[in-house]
Amino acid sequence: MNILACLTPKSDVDYITDEATLFKAMQTMLNRNFSAIPIINKKGRYVGTITAADILGCIKENFDLSLKESANFPIRNVRRTRDYKAIGVNTLMEGILEKAVDQNFVPVVDDEDNFIGILTRTEIMRWMREKYNYDHPEGGN
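These numbers were taken from a predicted model, which means no experiment stands behind them. Per-chain numbering applies: the sequence of each chain, read as written, is numbered from 1 onward. Only residues with pLDDT of at least 70 are given local features in this predicted model, and only at 80 or more are side-chain atom pairs given and counted; all residues enter the totals for whole chains, interfaces and linings. The side-chain numbers reported here are obtained from all heavy atoms of the structure, hydrogens and water having been left aside.

*Asks:* I'm lost on the nonpolar core in this one. Help?
*Replies:* Side chains that are nonpolar tend, in soluble globular proteins, to be buried together. Ranked by internal contacts, the top residues of the largest apolar core, which has 14 residues, are I16, L22, I50, I55, I75 and V78. Segments assigned H or I by DSSP are reported as helices when at least four residues long, segments assigned E as strands when at least two residues long, and all are numbered from the N terminus. Of all the secondary-structure elements, those providing two or more residues to this core are α1 (22-32), β3 (36-40) and α2 (52-61). Of the residues forming this core, the biggest block, four residues, is contributed by α1. The definition of a nonpolar core used throughout is a set of buried Ala, Val, Leu, Ile, Met, Phe, Trp, Tyr and Cys residues joined through side-chain atoms within 4.5 Å. Relative accessibility decides the category of a residue: with a 1.4 Å probe and only protein chains considered, values under 20% of the type maximum give buried, values over 50% give exposed, and everything between is partly exposed.

This is how it looks when you write it as structure tokens:
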């Protein structure tokens, strides 16, 4: 199955740009109750992922950082512990399962590395349920 069938398009994804501030990242994550969000550059390319743990680590390292100061602290200065690896638009659903185990979402890029959306773990699980016909708790037919 083509991943486009399960893709949440960029227009429906909450993300931040690499020019955003720490405050903007915190605000976006808090408003949506997310633990991670993608970072996109001004050309529309996927840069990486910022997590709540990255933000907490930044606050810990800069313990005198106030919320007011966070509005001037560039997100690109936050040390990211782990970027979610993006997949190409032509990747088959069967090839992304391992990524979904370790990531809340899987970023998707087109043939020119432009960010086009994400596959959420929930959508991947729904795809698996349909593929393997899991209709009841015991699984199977």
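Text resumes after the structure shown.
*Asks:* How do you make sense of unusual backbone geometry when you look at a structure like this?
*Replies:* Most peptide bonds adopt trans geometry, and most residues besides glycine take a negative phi value. Its identity as a non-glycine residue notwithstanding, N33 has a phi of 60°, on the positive side. Of note, the phi angle at D113 is positive, near 65°, even though the residue is not glycine. Turning to its location among the elements, D113 is positioned in the loop between β6 (105-109) and β7 (115-120).

*Asks:* Please explain the environment of I55 as it appears in this structure.
*Replies:* As for its position among the elements, I55 is in helix α2. Sequence separation of I55 and F23 is 32 residues, and the distance between their C-alpha atoms is 9.5 Å. Contacts: residue pairs with any heavy atoms within 4.5 Å of one another. Aside from chain neighbours lying at most four places away, what touches I55 is L22, A25, M26, M29 and I50.

*Asks:* Help me understand the sheet that holds β6, please; the structure alone is not making it clear to me.
*Replies:* Strand pairing in a sheet relies on backbone hydrogen bonds, with the paired strands running either antiparallel or parallel. Spatially, four strands are ordered β1-β7-β6-β5 in an open sheet, and the strand pairing comes out mixed. At either end of the open sheet lies a strand with only one pairing partner, and these are β1 (8-9) and β5 (87-88). Here the axes come from fitting lines to C-alpha atoms, over the contacting stretch only for helices, and the angles between their N-to-C directions go from 0 to 180 degrees. Along the sheet, helix α5 (residues 121-131) makes contact with β6 and β7, crossing β7 at roughly 60°. Only when DSSP finds a minimum of two bridges between them are two strands counted as paired.

*Asks:* When you look at the sheet that holds strand β4 (residues 46-51) in this model, what are you seeing that I'm missing?
*Replies:* Read across the open sheet, the three strands follow the order β2-β3-β4; overall the sheet is mixed. On the outer flanks of this sheet lie β2 (16-17) and β4, each paired with one strand and no other. In terms of strand pairing, β2 meets β3 through two bridges, oriented parallel. Opposite T17, over in β3, you have I40 as the bridge partner. Together, β2, β3 and β4 form the strand contacts of α1, whose direction differs from that of β3 by roughly 135°.

*Asks:* Which parts of the structure should I look at to understand α1?
*Replies:* What sets the pattern is the α-helix's 3.6 residues per turn: residues three or four places apart point alike. For α1, the set of buried residues is L22, A25, M26, T28 and M29. Viewed along the axis of α1, the buried residues span an arc of 165°, placing them on a single side of the element. Exposed residues pointing more than 90 degrees away from the buried face of α1 are listed as L30 and N31. Each element contacted by the buried residues of α1 is listed here: β2, β3, β4, α2 and α3 (67-70). N33, located one to two residues past α1, shows a positive phi value of around 60°. For this quantity, the arc is that covered by the directions from the helix axis to the C-beta atoms.

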